[in-house]
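Each chain is listed here by its residues.
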Amino acid sequence: MNMTKVVGRVLEPPELKLAAPNGKAIKIEVDKDKCHWNLMGKCVVDGKPIERWGIVDFSASDQNRVKYEPFIQKLISKCRSLGIRMEEPLFYQDAAMSMLSNVVRLTELLEAVNDSACRVKRGRPQFILCVMSRRDIGYKNLKWICETPVGLVTQCCLSMRANKANDQYLTYLALKINAKLGGSNVELFNPFPHINDEGHVMFLGADVNHPASRDMISPSFAAVVGTTNWPTANRYAARVQPQLHRQEKIVNIGEICLELVEIYARLKRVRPGKLVLFCDGVSDSQFNMVLNEELQDLKKAFAEKDYKPTITIIMAQKRHQTRLFLEDVDGVPIVNVPPGTVVDTIVVHPFEFDFYLCSHYGGIGTSKPTHYHVLWDEHRFSSDHLQKLIYNLCFTFARCTKPVSLVPPVYYADLAAYRGRLYHKAAMEHSPNSMASSFSSKASTLFSSVGSNEERFYKLHADVENMMFFI
């Protein structure tokens, strides 16, 4: 096979910030080959104290139920070793897997758990650990009920993996829990290149989740996420909304982004002066739509509030057929290109601003680089600065200790949009017409609008909407 020869570069990985067991910030360097890092003997940068939490054990009536005491003690020990002060759970509630498929009973259970926790500690539980004996379609009901009407953060785990409780799995759970509660797992030690001179910067990510090809009715779901903690830029708030079937344009993207900007302003007491928006799933033929419709919607919404930030819009594309291979050398085994590999000549557009970046380590199969295409740039990024900024961002993904293949704002937007899809599926399966007449009055009120595209069935609860519930 005749392949095109190109010259690539390998970017240096950034230095990262973690914490020592005494809480002091430390600088670490990642592994040179895989760009992974290890948390042994180290702590997360900001571990959120966990004082109010509980367990709902859906595996209680199953043969492979969780071994409650040893698992909880191991999880608490792991969290504390990572600098996350975790207290004993407030409660342990038995349940059955069948309850996940019964929205009425599940809602009443979660409301009762929430109410009892409030009475014990005079405050809502910070999160609920939900143990399941298997992967179950009722997972969508749990997330829908908790995150829209009830307002609870949940972390699910399988009883089989909980009983094994190996160190890697416990670390994974601890990282997810800390991120969901507003903690910071890892940060960049040095500031972002080029953009870190003055003022506040907000990274935004946008994505649209479409229904399956045979589904001709269901709406698409758009999600936009935005950072809330410059200059660290590793915590995000998200907004999710339904829109017309298979519509790629995000309706009212200006209003959504403005809402995220106002969240930032409430937390930091200033609006960000610079916005960098990453979009996923947009084909080359739709670039004009982004510039002529979505960008104009952004500018119009901002102008109405007398807000004039500088804006950069970057497309992140994974659906392409370009693959990068190292040139064959006799006697050297063929391996994937290393993390940080950039190609910005020959196989890119002759005069537009685009490049391929492989930011992750490919241990299995052939690595697929991400194609980044800059559509609009009021910050006047150089290729070097933007490539380095995106590569550095890939190290800030909250739930793993390695760089990811896709820039995190887009990755998180994809997760949030999929969560909207789960809400829709749950709502459609349990419309008021199919619910039993034995609904409690409270549960009936909560679900009175299900079955349409009305706001109630996807509107995030106020206690959840500004947290990273989607990771």
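Residues numbered from 1 in each chain as written. Predicted model: local features only at pLDDT ≥ 70, side-chain atom pairs only at ≥ 80, totals over all residues. Heavy atoms only, no water.

Regarding the overall build of the protein
Broken down by element type, the protein carries 10 helices and 16 strands. A compact globule built from 471 residues would reach a C-alpha radius of gyration of about 23 Å, and the protein, at 23 Å, matches this within 12%. Along the first, second and third principal axes, the C-alpha set of the protein runs to 65 × 50 × 50 Å. When the 471 residues of the protein are sorted by exposure, 54% land in the buried category. A fraction of 73% describes how many contacts in the protein between residues 6 or more apart in sequence connect residues 24 or more apart. (Helix = DSSP H or I, 4+ residues; strand = E, 2+ residues; numbered from the N terminus. Rg over C-alpha atoms; globule rule 2.2 N^0.38 Å. Buried < 20%, exposed > 50% of the residue type's maximum accessible area, 1.4 Å probe, protein only. Contact = heavy atoms within 4.5 Å.)

Brief notes about the sheet that holds strand β12 (residues 274-280)
Strands pair in a sheet through their backbones, by hydrogen bonds, and they do so in one of two ways: parallel or antiparallel. Read from one edge to the other, the open sheet built from 9 strands follows the order β1-β14-β15-β16-β13-β12-β9-β10-β11, with strand pairing classed as mixed. One side of each edge strand has no neighbouring strand; the edge strands of this open sheet are β1 (9-10) and β11 (236-243). The pairing of β1 with strand β14 (residues 341-343) spans 2 bridges and is classified as antiparallel. Within the sheet, the bridge partner assigned to V10 lies in β14 and is T341. Sheet contacts for helix α6 (residues 253-268): β9 (201-209), β10 (220-227), β11 and β12; angle to β11, the most-contacted strand, approximately 155°. (Pairing = 2+ DSSP bridges. Axes fitted to C-alpha atoms, helices over the stretch in contact; angles between N-to-C directions.)

A word on the environment of R124
Looking at the element boundaries, R124 is found in the loop between α2 (103-121) and β6 (127-132). In this structure, the C-alpha to C-alpha distance between R124 and A398, residues 274 residues apart in sequence, is 24 Å. Aside from chain neighbours lying at most four places away, what touches R124 is R52, N114, C118, V150, G151, L152, H461 and D463. A distance of 2.7 Å separates a polar atom in the side chain of R124 from the backbone oxygen of G151. (Polar contact = N/O pair within 3.5 Å; in protein donor to acceptor, adjacent residues only side chain to side chain.)

Brief notes about the packing of helix α1 (residues 68-81) against helix α5 (residues 167-180)
Closest axis-to-axis distance for the α1/α5 pair is 9 Å, and the angle between their directions is 65°. Judged on the interaxial angle alone, α5 and α1 are roughly perpendicular. The handedness of the crossing between α1 and α5 is right-handed. Contact residues: F71, K74, L75, K78 and C79 in α1; D167, L170, T171, L173 and A174 in α5. Residues of the contact of α1 with α5, tallied by class, amount to 6 nonpolar, 1 polar and 3 charged. (Parallel < 35°, antiparallel > 145°, perpendicular 65-115°, else oblique. Left-handed = near helix turned anticlockwise from the far one by under 90°. Nonpolar A, V, L, I, M, F, W, Y, C, P; charged D, E, K, R; others polar.)

A word on the sheet that holds strand β4 (residues 53-57)
Reading across the sheet, the 4 strands line up as β5-β4-β6-β7 and stay open at both edges, with parallel pairing between neighbours. Lying at the two open borders of the sheet, with one neighbouring strand each, are β5 (91-94) and β7 (154-158). Between one strand axis and the next, the sheet turns through 20° on average, direction left out of account. As paired elements, β4 and β5 share 4 bridges and run parallel to each other. Bridge pairing links I55 to Y92 in β5. Set on the sheet, α1 makes contact with β4, β5, β6 and β7; between it and β4 the angle comes to about 145°.

Quick word on the nonpolar core
Among the nonpolar cores identified, the biggest contains 145 residues, and F58, F71, L142, F203, Y412 and F470 are the most heavily contacted of them. Among the elements that make up this core, the one with the highest residue count is helix α9 (residues 408-429) (9 residues). Aside from chain neighbours lying at most four places away, what touches F71 is V66, L129, C157, A162, L170 and L173. (Core = buried A, V, L, I, M, F, W, Y, C linked by side-chain atoms within 4.5 Å.)

So, α6
Helix length check: α6, at 16 residues, gives a terminal C-alpha distance of 22 Å against a target of 22 Å (1.5 Å per residue), a fit within 8%. In this structure, the buried side of α6 is in contact with β9, β10, β11, β12 and α7 (287-304). Just past α6, the residue R269 takes up positive phi, approximately 60°. (Expected span 1.5 Å × (residues − 1).)

Description of the side chain of E248
Relative to the helices and strands, E248 is located in the loop between β11 and α6. The side chain of E248 sits in the buried core without any salt bridge; R246 is the nearest counter-charge, 6.9 Å away. A distance of 2.8 Å separates polar atoms of two side chains, one belonging to E248 and the other to H210. If near-sequence neighbours (up to four positions away) are discounted, E248 is found in contact with V208, H210, Q243, D280, G281, Q286, M289 and E294. (Lys, Arg positive; Asp, Glu negative; His and termini not counted. Salt bridge = Lys/Arg side-chain N within 4 Å of Asp/Glu carboxyl O.)

Quick look at the packing of aromatic side chains
Counting across every chain of the model gives 16 aromatic pairs. An aromatic cluster is built from Y236, F397, Y411, Y412, F469 and F470, whose rings are joined through pairwise contacts. (Phe/Tyr/Trp six-rings, centres within 6.5 Å; stacked < 30°, edge-to-face > 60°.)

Section: the pattern of salt bridges
Applying the stated criterion to the full structure yields 23 salt bridges. Across the pair D344 and R9 runs a salt bridge whose closest N-O atoms are separated by 3.3 Å. With D344 in the loop between β14 and β15 (353-358) and R9 in strand β1, this residue pair connects regions lying 335 residues apart in the sequence. Overall, D344 belongs to the partly exposed group, its relative accessible area being 24%. Its relative accessible area of 32% is what places R9 among the partly exposed residues. Residues R419 and E147 are paired through a salt bridge, measuring 2.5 Å at the closest nitrogen-oxygen approach. Remark: E147 occurs in helix α3 (residues 139-150) and R419 occurs in helix α9; sequence separation between them is 272 residues. An identical accessibility class is assigned to R419 and E147; each is buried.

Concerning the side chain of H320
Looking at the secondary structure, you find H320 in the loop between β13 (310-317) and β14. Of note is the side chain of H320, whose polar atom sits 3.2 Å from the backbone nitrogen of T322.

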